[in-house]
Amino acid sequence: MQPPSVLSILTYNVHSCIGTDRRMDPERIAEVIAAARPDVIALQELDVGRARTGGIDQAARIADLLKVTSHFHPALHVREEQYGDAILTALPSRLVKAGAIPSVGETRGALWVEVEVDGRPVQIFNTHFGLRRGERRRQAEALLGDAWIGNDACRDQPVILTGDFNAIPSSVAYGLLKRRLPPVRVRDDQGTSSGQNTRIGPTFPSRFPLLRLDHIFVSQGIETLSVAAVRTPLSRIASDHLPLQASLRIGGSRNFETTRRNHRQAGPLIS
């Protein structure tokens, strides 16, 4: 039986690297991330080659500063300008899929990357939902469908879904997602949820957070060791969102390893 692995993941809407002081500074974003020391970083609202932010490839710049690999997907692509989301990591990884999800107005997308954690494949999804309630519901349904999380390639595999969902925990979209993938939550020694110990702070707006719009959902068999909004003096000005970070224990049970072997024998992931 393979021992469990621990993975730290951070999701962060970086607001085109424009802080609450209106200064555009990818180096500051990278500094916030580096201080948290995550293994996997899911970023939203990145500019690549956009005139408004000096034509910088923000995904590549942040990845270079952190010395990690970047998988970027432009949800919006107008001529040479791009705007979208990325998954960054120094762990072995490969892009499985990137594409659009149902949108109204601004185009939204999702990114699926397989990350190898101590030899164990983990399927990680990053997305940024829209501003309308009906739009978010359709986006949640699409992500849970066969083209994404419902795909056979995710069967019996550890799955992590993260991003800026523009949705609070009482919303319809959040409810649809949590029925399939439980949100990260620390459990007490008796194995039951402890409301006092598991409350996750709000992530938006960063200076005076009121709403939790950024979330991390995980499949069964993934245990949450810790989860919190990253609230530091620098993170409060680097973007209009605070990062959300979770430490996760993946696998380690006989049932998990049996289903993993069965899936591996069934064939490779889609590409």
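Note that the structure is a prediction, hence the values are computed from the model and not measured.

**What to know about the confidence of the model for the protein**
Step number 1: Averaged over every residue, the pLDDT of the protein is 90; the share at 70 or more is 88%.
Step number 2: For the stretch residues 190-197, pLDDT sits under 50, and the model shows six contacts to residues farther than four places along the chain or on other chains.

**Structural notes on the pattern of salt bridges**
Step number 1: Tallying each qualifying case throughout the model produces 13 salt bridges.
Step number 2: One salt bridge in this structure joins Glu114 and Arg94, with 3.7 Å as the shortest N-O distance. Here Glu114 is found in strand 6 (residues 108-117), whereas its partner Arg94 is found in strand 5 (residues 93-101), with 20 residues between them in sequence.
Step number 3: For Glu114, a relative accessible area of 18% puts it in the buried group.

**Focus on the nonpolar core**
Step number 1: Phe125, Phe129, Leu161 and Leu177 are the most contacted members of the largest nonpolar core, which has 23 residues in total.
Step number 2: Those elements giving two or more residues to this core turn out to be strand 5, strand 6, helix 3 (133-144), strand 8 (159-164) and helix 4 (172-180).
Step number 3: Per-element accounting of this core gives the leading share, four residues, to helix 4.
Step number 4: Ignoring anything within four residues of it in the chain, the contact list for Leu177 reads Phe129, Ala140, Leu144, Leu161, Phe165 and Phe217.
Step number 5: Judged by nonpolar contacts, the second largest core, of 22 residues, contains Leu111, Val117, Val184 and Ile222.

**Regarding the pairing of strand 3 (residues 69-78)**
Step number 1: Pairing analysis gives nine bridges linking strand 3 to strand 4 (residues 81-89), with the strands arranged antiparallel. What sits directly across from Leu76, in strand 4, is Tyr83.
Step number 2: Hairpin connection, strand 3 to strand 4: the antiparallel pair is bridged by two residues, and Arg79 has positive phi, about 55°.

**Topic: the packing of helix 3 against helix 4**
When two helices pack together, their arrangement is given by the angle between their axes and by how far apart the axes lie.
Step number 1: Between helix 3 and helix 4, the least distance of the axes is 8 Å, while the angle of their chain directions is 15°. Comparing the axis directions of helix 3 and helix 4 gives the class roughly parallel. With respect to the hand of their crossing, helix 3 and helix 4 are arranged in right-handed fashion. When helix 3 is examined against helix 4, the residues Arg136, Arg137, Ala140, Glu141 and Leu144 are found in contact with a partner set consisting of Val172, Ala173, Leu176, Leu177 and Arg180.
Step number 2: Here the contact of helix 3 with helix 4 is composed, by residue class, of six nonpolar, no polar and four charged.

The rules we used
Residues numbered from 1 in each chain as written. Predicted model: local features only at pLDDT ≥ 70, side-chain atom pairs only at ≥ 80, totals over all residues. Heavy atoms only, no water. pLDDT = per-residue confidence, 0-100. Contact = heavy atoms within 4.5 Å. Salt bridge = Lys/Arg side-chain N within 4 Å of Asp/Glu carboxyl O. Helix = DSSP H or I, 4+ residues; strand = E, 2+ residues; numbered from the N terminus. Buried < 20%, exposed > 50% of the residue type's maximum accessible area, 1.4 Å probe, protein only. Core = buried A, V, L, I, M, F, W, Y, C linked by side-chain atoms within 4.5 Å. Pairing = 2+ DSSP bridges. Axes fitted to C-alpha atoms, helices over the stretch in contact; angles between N-to-C directions. Parallel < 35°, antiparallel > 145°, perpendicular 65-115°, else oblique. Left-handed = near helix turned anticlockwise from the far one by under 90°. Nonpolar A, V, L, I, M, F, W, Y, C, P; charged D, E, K, R; others polar.

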